[in-house]
Each structure stands twice: as C-alpha cells, then as structure tokens.
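# Topology and contacts: notes
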Amino acid sequence: MGEAKNGRIFSGVQPTGNLHLGNYLGAIKNWIALQDDFECIYCVVDLHAITVPQDPAVLRRSIREVAACLMASGINPEKSILFNQSRVPQHAELAWIFNCVARLGWLNRMTQFKEKAGKNRENATVGLYAYPTLMAADILAYKATHVPVGEDQKQHLELTRDIAAAFNSMFDAEFFPQPEPQIQATAARVMSLRDGSSKMSKSDVSDATRINLTDSADDIAQKIKRAKTDPEVLPSEMDGLEGRPEAANLVGIFAGLSGRSQADVLSEFGGQGFGVFKPALAELAVMQIAPISAEMNKLLEDDAQIDALLEKGAEQAKAIADPILAEVKKLVGFA
Ligand code: TRP
C-alpha cells in the first residue's frame, strides 16, 4: 500500500442493491482514479445502512454486491483498503465518543436527517439522527485528510470538521486533522434514460430507466438504443442542449464514460442525429460497463472469497484505526 503519497482518502458507500451507471460515474470511477495518488480506504457502510429498517438477508447480499462491484470496477486490494464498516469496531466506538462531543444544535441543522425522517420525526431512529457522528468517526478513525463525497454529503463533512476541532479543543490537543472535502464538481448527474428530468435511480420500477452494473452487453446496448431522445440533431455548442434534458443526459453520459468534456463530445457529434450518436454511445458503454458486470457476476458466485477479501481489508483498517483509538482513549481519560 502507498505510504505518504498525497494524503489519506476515506470514503464510504451504502450497501444497496442495483448499483447503476449513476453510481459509477458519480463516485466509483473517481475512487478508482484516486488510488494512484492517495492512500485509499474505502468502506461499505453497513452500520449506516441500519439507521433505516433493513431485511437482514437483503443487507447481507447487498454488502457483498457492493464489495464485488467495487472490486470489479478496479478497486485494487493490493493498493487500497476495502472492507465493510461493521467488521471494524473502532468506528462505533469513536462514534460514541463523538456523540459526547457533538451538540444537539449541530445535528438539528442536518438537512439529510430532516429529509429522511420526513414528517414522522418522532418515529425516526436515534441512529438516523446520529448518522453524521458515525460518519465523522469513519473519517477520523483513520485521520483521513481527503474525503471524496457528493454535494449531498458536504454538510456532513463540515460537521466532521467541527467535531474534529471541538475534540481537539476539549482535550487540548492538536489531534485530529481537518479533512478536506473533494466534491466532484464536474460529475454529470446521470438521469433516467426515460425521463431526462429525473435522476437515474435504483428504485425506479422500470428497469429500462437505468443501466445496472450487472447488465449484460446486450442489455446495455438495448437500453441505450431505446433511450428517450428528441427529433433534433445534436448541437455543436453546449447552450444548444438547453431545454433538451434527454439529449443533455446522453451527452453527459458519453462525456463521463470517455473522460472528455461535453463541449468536446459536441464538437465531434454536433449536427449528427441520434442514429449516429446512440450506436457510438452504446459501444462506449458496453466497452466500459460490460467487463465490470461480467467480473462482478463472477465474483458473486463465491461469497466466501468476497468475505475473505473484506476480512483482510478489515484487518488492515484496524491496524490503522486501533492505535488512533488508543490515543483517543488516553486523551478522554479512559486509559
Ligand atoms: N453518508 C455517505 C453517503 O450516503 C456514506 C458515508 C458514510 C461516507 N461514511 C462516510 C462518505 C465517510 C464519506 C466518508 O453517501
């Protein structure tokens, strides 16, 4: 594993089934790229998952699916640490200490809690409320310096920084670093293939709206062929995409997959119809996604092997978190 490099990355992903192209272009692809320049710790956050009700059998499956997907996408266990959160008790331990550092007033401001709890707040779990202190513990148990997250997690990261500072001041120590958010600004939001104004979602009842990371090459090509479009040709400039959400989405996906800017894609395809653009996009998507789904499906045939890799990752994670927790306990006065 890389020693100092440019710093230490920590990021987490919830164990949910139906990972799709939106997850890939929004987060996973970036996680893979970061492995070259940072020491990376990636975590399937199963403790966070149970802040809302889960079916145990489904949860067990989803943890392995997400792990398999990350491995298939190119998270390299030789380079990076990959594990599921519940295997490393230091997360929950540090979260408790942070529950005694963070203030009710801070958590009351968290917009994700308000959204997820909805109208029936009295019925939300205490865990859902304390979700951000666990996330702070995830990051700070490793003294991570950089945290790639989506825009929706920015507030939680700011809270993490506040908790780090409050801990340091409470115990009069320059102990925790201030982790930097790495918000992926350029990541195009991947929208439904059937409706360019709603996000591609694992929970959409229609499977035709998304490209799953378990789809076969044929499925992928068919879904792109049938994706909703409009009758116009593609514009040569970005502002020509305004008011054309389906065209914009497909151009965004092309850009995301190819690593090119949308403007660059338009400079190639401007003036062409979807009869030309869609086959090019399908070819690109099949080339990138089909090998991931094939590898993921292969990995999922052997649960024991996935579990063994997660266990190995957990041991590596513990080796970093354990001495940090030991120091925390000294500072707090437990030892
Ligand atoms: N809350 C994050 C999400 O829903 C997942 C997460 C948990 C995370 N712990 C983290 C992300 C630590 C970054 C760092 O996307």
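Further up the page is the structure itself.
Small disclaimer: the values here were computed from a predicted structure and weren't measured. (Residues numbered from 1 in each chain as written. Predicted model: local features only at pLDDT ≥ 70, side-chain atom pairs only at ≥ 80, totals over all residues. Heavy atoms only, no water.)

## Concerning the overall build of the protein chain
- Secondary structure assignment for the protein chain yields 13 helices and five strands.
- Over its C-alpha atoms the protein chain spans a radius of gyration of 21 Å, differing by no more than 12% from the 20 Å that the globule rule assigns to 335 residues.
- Seen through its C-alpha atoms, the protein chain measures out along the principal axes to roughly 70 × 40 × 40 Å.
- Across the 335 residues in the protein chain, those meeting the buried criterion constitute 47%.
- At a minimum sequence separation of 6, the contacts of the protein chain that also span at least 24 residues come to 77%.
- Here the protein chain holds 34 positive side-chain charges and 43 negative ones, and the gap between their average locations is 3 Å. (Helix = DSSP H or I, 4+ residues; strand = E, 2+ residues; numbered from the N terminus. Rg over C-alpha atoms; globule rule 2.2 N^0.38 Å. Buried < 20%, exposed > 50% of the residue type's maximum accessible area, 1.4 Å probe, protein only. Contact = heavy atoms within 4.5 Å. Lys, Arg positive; Asp, Glu negative; His and termini not counted. Charge placed at Lys NZ, Arg CZ, Asp CG, Glu CD.)

## Section: the pattern of salt bridges
- Inspection of the entire model under this criterion finds 19 salt bridges.
- One salt bridge in this structure joins E151 and K154, with 3.9 Å as the shortest N-O distance.
- Given a relative accessible area of 55%, E151 falls into the exposed group.
- Among the salt bridges present, the one from K223 reaches D207, with a minimum N-O distance of 2.9 Å. Taken as a pair, K223 in helix α9 (residues 217–225) and D207 in the loop between β5 (180–183) and α9 lie far apart in primary sequence, 16 residues in all.
- Overall, K223 belongs to the buried group, its relative accessible area being 10%.
- Taking the relative accessible area as the measure of exposure, D207 reaches 36% and is therefore partly exposed.
- One connected set of salt bridges, linked through shared partners, spans R61, R64, E65, D303 and D307. (Salt bridge = Lys/Arg side-chain N within 4 Å of Asp/Glu carboxyl O.)

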